[in-house]
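Coordinate analysis (summary)
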Amino acid sequence: MAVALAVAASLLPFFYHLLVLSASGWLYAGAAYIAYNTSGSLVPGKINVHLVPHSHDDVGWLKTIDQYYVGSNNSIQGACIQNVLDSVVEALLADKNRKFIYVEMAFFHRWWRQQSDTTKKAVRGLVSSGQLEFINGGWCMHDEAAVHYIDMIDQTTLGHQFLKQEFGQVPRIAWQIDPFGHSAVQAYLLGAEVGFDALYFSRIDYQDRQKRKDTKSLEVVWRGSKTLGSSVDIFTGIFPKDYEPPPGGFYFEVNDESPVIQDDPLLFDYNVQERVDDFVAAALSQANITRTNHIMFTMGTDFKYQYATSWFRQMDKFIHYVNKAARQLEFLKRGSYGHTTNSLAEALAIAQHHDAITGTEKQHVADDYAKRLAIGYTEAAKLVESTLTSLTESHSNSGHDGDDALAAKFEQCPLLNISYCPASESEIKDGRSLVVLVYNSLGWRREDIIRIPVISDAILVTDHEGKIIKSQLLPINNASLSLRKTYVQAYVGSSPSVTPKYWLAFPVTVESLGFSTYFIRSAETRGTHAFMSIVDSSQGMKNSTKEIEQGNLKLQFNHDGKLSFYFNKKSLVKTSIEQTYSYYVGNNGSDIDPQASGAYVFRPNGKFPIESDKVPLTIIEGPLLHEVHQQINSWIHQITRLYKTNEHVEVEFIIGPIPTNDGIGKEVVTQFTTTMDTRKTFYSDSNGRDFIKRIRDHRSDWNLQVNQPVAGNYYPINLGMFIEDDKTELSVLVDRAVGGTSLVDGQVELMLHRRLLHDDSRGVAENLDEKICIDTKCEGLIIQGKLYFRVDPLGEGAQWRRSTGQKIYSPLLIAFSEEHGGNWSNSHATTFSMMDHSYSLPDNVALITLQEVQDGNVLVRFAHMYEVGEGKNLSEMAYVDLKKMFPGKKILKIVEMNLSANQERQQMEKKKLKWQVESSPSAETVVRGGLVDPTELVIELGPMEIRTFVLNFNNTYSHLPHR
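Our subject in this report is the structure included herewith. The model shown is predicted, which means the values in this text are computed figures rather than measured ones.

What follows covers the packing of helix α9 (residues 272–287) against helix α10 (residues 308–323). Two numbers describe how α9 lies on α10: the axes approach to 10 Å, and their chain directions differ by 90°. Classified by the angle between their axes, α9 and α10 sit roughly perpendicular to one another. Across the interface between the two elements, Val-272, Arg-275, Val-276, Phe-279 and Val-280 of α9 pack against Phe-318, Tyr-321 and Val-322 of α10. Here the contact of α9 with α10 is composed, by residue class, of 7 nonpolar, no polar and 1 charged.

Here is the structure:
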């Protein structure tokens, strides 16, 4: 709901005088029934105040999503979303002038399923009339720092499809009021490209907010993409303080302390004049920092409107009394939509919430998110396994139809990253083979090296044609085995029955959108075994260096065991580079600085290097990859890998438990240090999409006063970051969201783990000290992750960042089965590709969505991965041939949709507001793809363009492209 009250600034003295006279008139009127006039319209030349009733309902924060919905565990927080929605609907039905906005479809979807047909009909009427308005419309209000753009799209689409299906509504406003900072990708991709006309939010740097208040620039047109320019402009409103009601006491939940309007003159505490004065004062105060005569009062906050009548009754009175002599009101009209029932999709969508993926929730809520993801994963795994079974049923299997003994039963290993995979750890004998199916979800052919844990060294690997594949056995180090033992027991509930001795590594080649099958068998003769890696130690090399070389890369480690030099024989890049670890002391909230470091706030109090324990390096070498095992100290271990087929370095780290017996919380970082002259400049990704230029201790929009030289220069990293000088560029990619910066020229710093001992007083009331528990024994969390780095000639790193980043985000899917008697290829398909065998997507295009939707239609999204001028020959127009992508399947109809697929693109463009902006470039060239010819079926994509289509096919493939 949005209500506008108008106050003519030039008539304010007269306005107040009229209110006094009116008050005396009301006194004589006695205690009669008052019909509050809550209708209205805009008045030019006056201050129009828009009241926006809302409830910000976190899908998990201090309580779990279920506890919030039903209103349980109220000892933590008194909040019940069922009550909010029940109460709001009842209040809206009581007065057609009342309006309300709602955001979180994860809650509304639950409530909607439980309503009677009569209630649903009434609510549809409220939505149709505009009284109940859905804004944002995603499954949750997602975070903007630690999320990948594909996950942002997916969770928004989930909510939008639900609203479209149930109400036929399309949201028009982005309402990101609580995430901890805001990204360019949100503005242009999840804003303009979805079809939103405006984006509203609250949280920005305090210096930036003050500067904008001083210059009346809280309302701006945000051009979030330099590549797409004005075509993605979106009006952006920043709240003067937060998303709560204005100062002056305007909270009206039951038991709130704000004074209500007491307008019965026969009772004590009659206060109409006082309360109207408070309201007008708040409006004038906000109008002084606003460029136009329109201001917004966000009437609500976290989990409010559990008794909605209490709020609406007071707003009705404000509208009625403030507007006598000078009245105006208008409702902010927005739309909404959405659909889906997949449990994993819902769990993933909820996990994108700004109090979920960021870690700013209570521990029991984090556990609940993990449980939901596990349940969703289990259900999805069953679907994947049955689908793979279906795909492997070959036409040559006609003689064995219905033979359950030959049916493939696939399973996956969700704990493979910690070297636990029961399917590959059993003994292979009696003529059996372990079947390894590798699926590629990308639109490009992939060549990679995969690793699985095994217990025997007398094994070999063959491909689907029976040819022996060169493979390598690498010993699993003690740190990995210890991690495996602890976490398998914690996750599975029992210790592993066996302990694998080796990683088995072998190369795989998988066509786009397809799979390949490999077989692991017992080796009868020694010459056919997997190659046993050569293990060496740096023991005794006190004053010498150690080099390892694989493929085109050579690394050098100094006598202290630290990486010291990088050389690429192909590009001829040579550079000194050192990797080190440090930790920041978490501030404890003492009197000197009362702000503690915690889940929300990074407040370091000194930085200390983590000195190596001088444990000798272990060097493992083989034909496919080399590894350098390092023990940095008793709680940090690292493996540095060079693969024969890759031109980048992989760094796998195991960190934890971070010791705190010294009473100090620690935030652990790693640094890659070079001699590059980077001039305070570095580049960090925005939600895995654009790369944003950052300058240390500088903001382009205001003169920064540096109060936090470390925290003030940290940025979210979802894909990676890079630095450059006039000759080379260093790129570092990540496998998860982390924080990153460049505090020293030539250096990249990434935060990998945190363990803190004090709460930062932002509402969670728990210190950031996650633990893993087995029975009654608990210890600090151990994490394992990977970094990837590469040094390129200046301007040549973009292709590696984009293509490798996409592979990191979409790893190969590995599933296992068992073969009896060596007849797998006779009864199953061993390779498959959905696409024409001679076709793959262009190198600059990623397939980011391929999903069946209602009525048998298919939703597809393609993303051009490069910004203008980013990569040689890769920032040009790209072309996707749908006929070759879907061979043997006739496309009957193709419709281009907006990003969240809830309206046709052409309709969205027609409705979209066009903004006039100051200082707009006189000439602008934005390259976008044209309309798709339904006969040729070739899709064009300009730089950074994402296009979404719904395809209607004939029912079945004329053939399955098994090979």
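The rest of the description comes next.
Per the counting criterion, the structure on display carries 56 salt bridges. Among the charged side chains, a salt-bridge network with shared partners connects Glu-193, Arg-905, Glu-909, Lys-914, Arg-928 and Glu-945.

All right, on to the nonpolar core then. It is characteristic of soluble globular proteins that their nonpolar side chains tend to be buried jointly. Counting residues in hydrophobic clusters, the biggest one holds 69 residues, and the most contacted among them are Leu-841, Phe-862, Val-880, Leu-882 and Met-885. One finds Phe-107, Leu-163, Ile-295 and Ala-349 within the second-largest nonpolar core, a separate group that totals 65 residues.

What the rule picks out here adds up to 2 disulfides. Bridging Cys-413 to Cys-421, the disulfide has an S-S length of 2.1 Å. Residues Cys-413 and Cys-421 are joined through a disulfide that is right-handed, its torsion about the S-S bond being 55°. Each member of the pair Cys-413 and Cys-421 is classed as buried. Through a disulfide, Cys-773 is tied to Cys-778; the S-S separation comes to 2.0 Å. On the sign convention where negative is left-handed, the bridge of Cys-773 and Cys-778, at about 110° about the S-S bond, is right-handed. The cystine pairing of the protein, numbering bonded cysteines in sequence order, is 1-2, 3-4. Free cysteine: Cys-80, not disulfide-bonded; nearest cysteine sulfur from Cys-140 at 20 Å. Note on Cys-80: relative accessible area 6%, which makes it buried.

To continue, consider the pairing of strand β38 (residues 783–793). Extensive coverage of β38 is indicated by the burial of 10 of its 11 residues. Pairing analysis gives 7 bridges linking strand β27 (residues 649–655) to β38, with the strands arranged antiparallel. Bridge assignment links Val-651 to a residue of β38, and that residue is Leu-787. Pairing geometry for strand β33 (residues 728–734) and β38, over 7 bridges, is antiparallel. If you follow Ser-731 over to β38, its bridge partner there is Arg-790.

Residues spaced three or four apart along an α-helix face the same direction, because each turn holds 3.6 residues. For helix α13 (residues 478–492), spanning 15 residues, the distance from its first C-alpha to its last is 21 Å, which sits close to the expected 21 Å at 1.5 Å a residue. Taken together, the buried positions of α13 are Ala-479, Ser-480, Leu-481, Leu-483, Arg-484, Thr-486, Tyr-487 and Val-488. Those residues of α13 that are buried are in contact with β26 (636–643), β27, β36 (771–774), β37 (777–780) and β38. Trailing α13 by a residue or two, Gly-493 shows a phi angle of about 100°, which is positive.

Our focus in this paragraph is the pairing of strand β5 (residues 173–176). Burial along β5 is two-sided: the face carrying Ile-173 and Trp-175 and the face carrying Ala-174 and Gln-176 are both buried. Examined bridge by bridge, β5 and strand β6 (residues 198–201) share 4 bridges and lie parallel to one another. The partner of Ala-174 across the bridge, within β6, is Leu-199. Once you follow β5 into helix α7 (residues 184–192) and on to β6, the crossover reads as right-handed.

Interaxial distance between helix α3 (residues 81–94) and helix α4 (residues 105–113) falls to 10 Å at its minimum, and their mutual angle equals 70°. Judged on the interaxial angle alone, α4 and α3 are roughly perpendicular. Of α4, the residues touching α3 (which contributes Ile-81, Gln-82, Leu-85, Asp-86 and Val-89) are Phe-107, Phe-108 and Trp-111. For the contact of α3 with α4, the residue count by class is 6 nonpolar, 1 polar and 1 charged.

The next thing to look at is the environment of Ile-848. Here Ile-848 lies in strand β41 (residues 845–852). Not counting the four nearest positions on each side in its chain, Ile-848 is found in contact with Tyr-149, Ile-150, Ile-153, Gln-806, Arg-861, Ala-863 and Ile-946.

For the rest of this paragraph, the subject is the packing of aromatic side chains. One pass over the structure, following the stated rule, counts 38 aromatic pairs. An angle of 75° between the planes, with centres 4.8 Å apart, marks the rings of Phe-108 and Phe-134 as edge-to-face. With Phe-108 in helix α4 and Phe-134 in strand β4 (residues 132–134), this residue pair connects regions lying 26 residues apart in the sequence. For the pair Phe-108 and Phe-134, one class covers both residues: buried. In this structure an aromatic cluster arises from ring pairing among Phe-100, Phe-250, Phe-252, Phe-279, Phe-297, Tyr-305, Trp-311, Phe-312 and Phe-318. The ring of Phe-567 carries the charged tip of Lys-574 above its face, separated from the ring centre by 5.1 Å. Stacked on the ring of Tyr-149, the Lys or Arg Arg-689 has its end atom at 5.1 Å from the ring centre.

What counts and what doesn't
Residues numbered from 1 in each chain as written. Predicted model: local features only at pLDDT ≥ 70, side-chain atom pairs only at ≥ 80, totals over all residues. Heavy atoms only, no water. Axes fitted to C-alpha atoms, helices over the stretch in contact; angles between N-to-C directions. Helix = DSSP H or I, 4+ residues; strand = E, 2+ residues; numbered from the N terminus. Parallel < 35°, antiparallel > 145°, perpendicular 65-115°, else oblique. Contact = heavy atoms within 4.5 Å. Nonpolar A, V, L, I, M, F, W, Y, C, P; charged D, E, K, R; others polar. Salt bridge = Lys/Arg side-chain N within 4 Å of Asp/Glu carboxyl O. Core = buried A, V, L, I, M, F, W, Y, C linked by side-chain atoms within 4.5 Å. Buried < 20%, exposed > 50% of the residue type's maximum accessible area, 1.4 Å probe, protein only. Disulfide = S-S within 2.5 Å. Pairing = 2+ DSSP bridges. Expected span 1.5 Å × (residues − 1). Right-handed = clockwise from strand over helix to strand, strands pointing away. Phe/Tyr/Trp six-rings, centres within 6.5 Å; stacked < 30°, edge-to-face > 60°. Lys NZ or Arg CZ within 6 Å of the ring centre and 35° of its normal.

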